[in-house]
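# Topology and contacts: notes
Next come the chains, spelled out residue by residue.
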Amino acid sequence: MVVTPWEVKGKVDYERLIREFGTQPLTPELLSRVESRTGKLHLQLERQIFFSHRDLDTVLDLYDKGVKFVLYTGRGPSGPVHIGHLVPWIFTLHIQQKFNTRLYFQLTDDEKYLIDDDATLKETSHWAYENALDLIALGFKPEDTFIIYDTEDIDLLYDITLQVAKRITYSTARSSFGFQDSTNIGWVFWPAIQAAPCFIHKKLTGENVPALIPAAIDQDPYWRVTRDIAPKIGYYKPAQIHCRFLPGLGAGGKMSASMPETSIFTMDQPDAVKKKIWNAYTGGRGTAAEQRKLGADPTVCSIFQYYFFLFEEDAARLAERERKCKVGEMLCGECKMDIAEKLNRFLQNHQERREKAKDVIEQYHIKRK
Ligand code: TRP
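Residues numbered from 1 in each chain as written. Predicted model: local features only at pLDDT ≥ 70, side-chain atom pairs only at ≥ 80, totals over all residues. Heavy atoms only, no water.

Our focus in this paragraph is the overall build of the protein. Along the protein, the regular secondary structure elements total 18 helices and nine strands. Within the protein, one finds 49 positive and 50 negative side-chain charges whose respective centroids are separated by 3 Å. (Helix = DSSP H or I, 4+ residues; strand = E, 2+ residues; numbered from the N terminus. Lys, Arg positive; Asp, Glu negative; His and termini not counted. Charge placed at Lys NZ, Arg CZ, Asp CG, Glu CD.)

Written out as structure tokens, the structure reads:
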């Protein structure tokens, strides 16, 4: 297993990540504290798709005392958005709505330019714009959603970035990120830029409040180095809540834009979706007869995971689908047809909203506020 901000490989052992990264599991006590604030737990908490955190308890303590948090998350715009990217954003929207709090969203065209050998700034900035449309399409409101395009808005981040960079040593950065002698120095400096939005709220409003970052767990090294230095420059340590990766449609591994045949992109058309789903890896048997007799294995099935993560909110119906699969009452063809339909309905709606987002995208830009 490899889990770094740049690479996720192999079968991810989430328990082990909690131990190795030194994060905390989301305990039932903590979840019930969240529930008392939000009402019924969000599906992603109930199903432990978000499974780990740092300082969520502290953030809730402060909230109870009247110190509101802000949300911060982001995206490295290296290409189109797939449905795996949407998972933490959907959760972020839920938290924003329940706690009525501001979101800072960083689009790191600079990071992707520095890290991907072949990328040009023109391409990564273009994808930043495209990816922002996907965020807006989910229903975030312009009043409390602040999108940061790094290369365009760097002047807003620069003083904070410098405060951060001055306090992270090369040796800390190297051991957290695995830099080599051949690593370009832009990449070495870059973590200070990802840290900056954790603290930008104070600069904009004068309020010193903690940031809560909902994101996949691969981003954790950034937060580790940021947390170490935050108190030294007068800020709260940023808190995190970490989610699992949505699997790709192949056998094992997360959904990854570099493997388009096993990823569902938000702009995919219905026929392409059907085709990818049809070729997906499942827990099915060699023949229909065998599967009717012996049943199948939903635990290794990529399709089942899509019901689990996104497309079957009803726990009883999900359990029924699982049961039917295991005993061979429902075969893969039917299950695949259902999910393709659900996906295409979701995507059609998303694509319409994404088109409308083009008219309002400027209202979200941190520079226009
Ligand atoms: N480094 C992230 C990526 O490559 C982008 C990012 C910037 C981000 N700030 C963030 C992700 C905050 C999650 C939370 O995708």
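On the basis of which strands lie adjacent, the open sheet formed by seven strands has the order β3-β4-β9-β8-β5-β6-β7 and mixed pairing. What marks the edges here is a single partner per strand, and that holds for β3 (24–25) and β7 (145–149). Relative to strand β4 (residues 50–54), β3 runs antiparallel, the two being bridged by two bridges. Paired with Q24 across the two strands is H53, which belongs to β4. (Pairing = 2+ DSSP bridges.)

This next bit is on the environment of I115. Topologically, I115 is positioned in helix α6 (residues 109–115). Accessibility expressed as a relative area gives 13% for I115, which makes it buried. When the C-alpha atoms of I115 and A239 are compared, they prove to be 26 Å apart, with 124 residues separating the residues in sequence. Those residues within four positions of I115 in sequence are excluded, and the remaining contacts are W6 and W187. (Buried < 20%, exposed > 50% of the residue type's maximum accessible area, 1.4 Å probe, protein only. Contact = heavy atoms within 4.5 Å.)

Counted according to the given criterion, the structure contains three cavities of 30 Å³ or more. What the largest cavity holds in volume is close to 120 Å³. Forming the boundary of the largest cavity are 16 residues, of which C301, C325, L331, C332 and C335 lie nearest the centre. Looking at the lining of the largest cavity, the elements that each hand over two or more residues are α16 (302–311), α17 (315–326) and α18 (332–360). Among the elements that make up the lining of the largest cavity, the one with the highest residue count is α18 (three residues). A breakdown of the residues in the lining of the largest cavity according to their chemical character gives nine nonpolar, four polar and three charged. Taken as a whole, the second largest cavity holds about 60 Å³ of empty space. Lining the second largest cavity are V34, L45, L56, L60, F69, F91, I95, F99, L212 and I241. (1 Å grid on protein atoms, 1.4 Å probe; cavity = no way out; pocket = protein on both sides within 12 Å on 5 of 7 lines; lining within 4 Å. Points joined across faces, edges and corners; volume = space filled by probe spheres on them. Nonpolar A, V, L, I, M, F, W, Y, C, P; charged D, E, K, R; others polar.)

This brings us to the nonpolar core. Core analysis: the biggest nonpolar cluster contains 76 residues, and L45, I83, I147, I264, I277 and I303 have the highest contact counts within it. The leading source of residues in this core is helix α5 (residues 83–99), at eight residues. The contacts of I83, once residues within four sequence positions are left out, are L246, M255, I264, L310, F311, L343 and L347. Membership of the second largest hydrophobic core comes to 35 residues, among which are Y104, I160, V209 and A211. (Core = buried A, V, L, I, M, F, W, Y, C linked by side-chain atoms within 4.5 Å.)

With respect to spatial proximity, 14 residues lie near the ligand, and among them Y72, Q106, E111, Q194 and Q219 are the closest. Between the ligand and Y72 there is a distance of 2.9 Å, counted from a nitrogen atom to a side-chain nitrogen or oxygen. One nitrogen or oxygen atom from the side chain of Q194 is found 2.8 Å from a nitrogen atom belonging to the ligand. The dominant element in the shell around the ligand, judged by the number of residues it contributes, is strand β5 (residues 70–75), at four residues. Residues that form the shell around the ligand fall into these classes: four nonpolar, seven polar and three charged. (Near = heavy atom within 4 Å. Polar contact = N/O pair within 3.5 Å; in protein donor to acceptor, adjacent residues only side chain to side chain.)

Next up on the list: the layout of surface pockets. Approximately 1,200 Å³ is the volume attributed to the largest pocket. Taken together, 47 residues make up the lining of the largest pocket; nearest its centre are R75, H85, K112, D218 and K254. For the lining of the largest pocket, the elements supplying multiple residues, two or more each, are β2 (7–9), β5, α5, α6 and β8 (211–216). By residue number, the principal contributor to the lining of the largest pocket is α5, which donates five residues. Residues of the lining of the largest pocket, tallied by class, amount to 21 nonpolar, 17 polar and nine charged.

So, on to the side chain of H85. You can see H85 is positioned in helix α5. According to the relative accessible area criterion, H85 is buried, its value standing at 18%. Apart from residues lying up to four places away in sequence, H85 is in contact with R75 and P80.

We now examine the packing of helix α14 (residues 270–278) against α18. Running from amino to carboxyl end, α14 crosses α18 at an angle of 150°, the nearest separation of the two axes being 9 Å. Between α14 and α18, the interaxial angle falls into the category roughly antiparallel. Considering only the axes of α14 and α18, their crossing is right-handed. Counted together, P270, V273, K274, I277 and W278 of α14 and G333, K336, I339, A340, L343, N344 and L347 of α18 form the full contact between these two elements. Here the contact of α14 with α18 is composed, by residue class, of eight nonpolar, two polar and two charged. (Axes fitted to C-alpha atoms, helices over the stretch in contact; angles between N-to-C directions. Parallel < 35°, antiparallel > 145°, perpendicular 65-115°, else oblique. Left-handed = near helix turned anticlockwise from the far one by under 90°.)

Next up on the list: the side chain of T183. In this fold, T183 is placed in the loop between α9 (170–177) and α10 (185–189). By relative accessible area, which is 16% here, T183 ends up buried. Within the local environment of T183, its side chain forms a polar contact with the backbone nitrogen of Q180, the two atoms lying 2.7 Å apart.

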